[in-house]
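# Architecture at a glance
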Amino acid sequence: MKALIIAAGRGSRLKGLTKDEPKPLIKLLGLSLVERVILTAKRAGIDEFVMVIGYLGERIREELGDGDRYGVKVTYIENREWERGNGVSVLKAKELLNEEFVLLMADHLFDVEILHSLLKTRLEGDECVLVVDKRPPDYIDLREATKVKVRDDKIVDIGKRMKEYDAIDCGIFLCTQSIFKALDESIKDGDETLSGGINVLSRAGRVKAFEIKDNFWIDIDTKSDYNKAEKILCEKLIKPTDGPVSKFLNRPISIRISKLLVRTKIKPNTISILSFFIALLSALFFSLGDYLYIIIAGILSQLGSIVDGCDGEVARLKFQQSDYGAWFDAVLDRYADALIISGMAYGYWLLHSDIKIWITGVIALTGSFMNSYTAIKLDSILINNKNIPRIRFGRDIRLFLIMAGAVLNQIFYTLIIIGILTNAESIRRLYTLKNR
């Protein structure tokens, strides 16, 4: 299936952010708005795009090219009448779309789950589908939003100035050729907006309403919308599986770092390697045994834990997630854990020559490995089971304990605590799954 993206407008209300570039090319956390739309649609399985360009359209063409670097195909249509309504832009693409297609706006961001569900919708005859939000969140500007009236899952009216309405138009459509005939009729009647064409179809009962439910979307029309979108995308980086240290200490710092990193060309795997080398330095300082070095090592272990969150954050913000990247990061984390605990044990033994530190170290290392392994297994099983409480004792807590133990110069007891807690948690998880 193809997607039609409308990217012809000027975006005058975003003055100050656009500078001398078209609105679709405004950068948001490392990617332009239109890149985010393309990559979201690609994740839903769409790899062919028809893009209507207008104001400074050549810059969009130069920036995106034929779409090859995104793994998609982009075909352009120029709308020299871009100052007219957006319905005119849609109509320009008529000759290139002879089957069902998805219609998207270059300045509307949304969760990929919306498209996944929308593409499963079966159309009857020449009807179209409009994605609507019946419970718009506070960040949606209702004064500027396009309102929709719904009856029995069908759109019966749409417009910006409606006083009575049931939902908000999200700017995402599943269309058939009927939209072009409707736009022809609407434009002849003096309404050049896309909503005008939808109204023509709605009067014939040919527009379904598709409820967005709890998924995210936002129309970026103003600087306030832009700031809200940035905030929401950053908040979405917090995982439900994050432990308390990660959630309240690491993420607030790592997200700030990631917001800087997304402006660079650095790859997520490079950040994983950087985190590993910080852990390697931590292990080295631990192995020296001196208290000053131990404090430095503890701080480095916590810094490595923070940076370790940045690789996944950058990957998600720039649509660079991969199974290999997640696995690569996990492997480096296990090596990092082994090196840090080994460095702690060696440094302590160097000063005290106490054989018990090696036994304690082995128990702590085994517990740390099993803690990570059982967490992955537990998450995969419980991901859709909300009835079982999630008690997260993970790497974030282990490394925080290591930092605290280093500052207090209590390496031996820190390893004892880690050994007890990690192994006890693994046993608890086994019991939880056995009795679920």
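The notes below deal with the structure included here.

## Some words on the packing of helix H10 (residues 291-317) against helix H13 (residues 395-407)
At a minimum axis distance of 8 Å, the contact between H10 and H13 shows a crossing angle of 160°. By the criterion of interaxial angle, the relationship of H10 to H13 is roughly antiparallel. In this structure, H10 meets H13 at a crossing whose hand is left-handed. Seen from H10, the contacting residues are Tyr-291, Ile-294, Ile-295, Gly-298, Ile-299, Ser-301, Gln-302, Ser-305 and Asp-308; seen from H13, they are Arg-395, Asp-396, Leu-399, Phe-400, Ile-402, Met-403, Ala-406 and Val-407. A per-class count over the contact of H10 with H13 returns 10 nonpolar, four polar and three charged.

## Quick look at the pattern of salt bridges
Side-chain pairs of opposite charge can arise where the charged atoms are in close proximity. Scanning the entire structure with this criterion turns up 27 salt bridges. Here Asp-107 makes a salt bridge to Lys-23, at a shortest N to O gap of 2.5 Å. Linking Asp-107 in the loop between strand E6 (101-105) and strand E7 (108-110) with Lys-23 in the loop between strand E1 (2-7) and strand E2 (27-28), this pair joins segments that are 84 residues apart in sequence. Judged by relative accessible area, which is 15%, Asp-107 ranks as buried. Where salt bridges share partners, they join Asp-308, Asp-333, Arg-334, Asp-337, Arg-395 and Arg-398 into one cluster.

## Let's talk about unusual backbone geometry
Despite not being glycine, Lys-213 shows a phi value in the positive range, around 60°. Mapping Lys-213 onto the fold places it in the loop between strand E12 (207-211) and strand E13 (217-219). A positive phi angle, close to 55°, is found at Asn-409, a residue other than glycine. If you trace the backbone, Asn-409 turns up in the loop between H13 and helix H14 (411-434).

## Considerations on a nonpolar patch on the surface
A cluster of nonpolar side chains, contributed by Tyr-346, Trp-349, Leu-350, Ile-355 and Trp-358, occupies part of the molecular surface with about 480 Å² of accessible area. With three residues, the top contributor of residues to the nonpolar patch is helix H11 (residues 323-352). By secondary structure assignment, the location of Leu-350 is in helix H11.

Parameters and conventions
- Residues numbered from 1 in each chain as written.
- Predicted model: local features only at pLDDT ≥ 70, side-chain atom pairs only at ≥ 80, totals over all residues.
- Heavy atoms only, no water.
- Axes fitted to C-alpha atoms, helices over the stretch in contact; angles between N-to-C directions.
- Helix = DSSP H or I, 4+ residues; strand = E, 2+ residues; numbered from the N terminus.
- Parallel < 35°, antiparallel > 145°, perpendicular 65-115°, else oblique.
- Left-handed = near helix turned anticlockwise from the far one by under 90°.
- Contact = heavy atoms within 4.5 Å.
- Nonpolar A, V, L, I, M, F, W, Y, C, P; charged D, E, K, R; others polar.
- Salt bridge = Lys/Arg side-chain N within 4 Å of Asp/Glu carboxyl O.
- Buried < 20%, exposed > 50% of the residue type's maximum accessible area, 1.4 Å probe, protein only.
- Patch = residues over 30% accessible without salt bridge, like charges linked within 9 Å, V, L, I, M, F, W, Y side chains within 5 Å.
- Areas by Shrake-Rupley, 256 points an atom, 1.4 Å probe, with all protein chains shown as cover.

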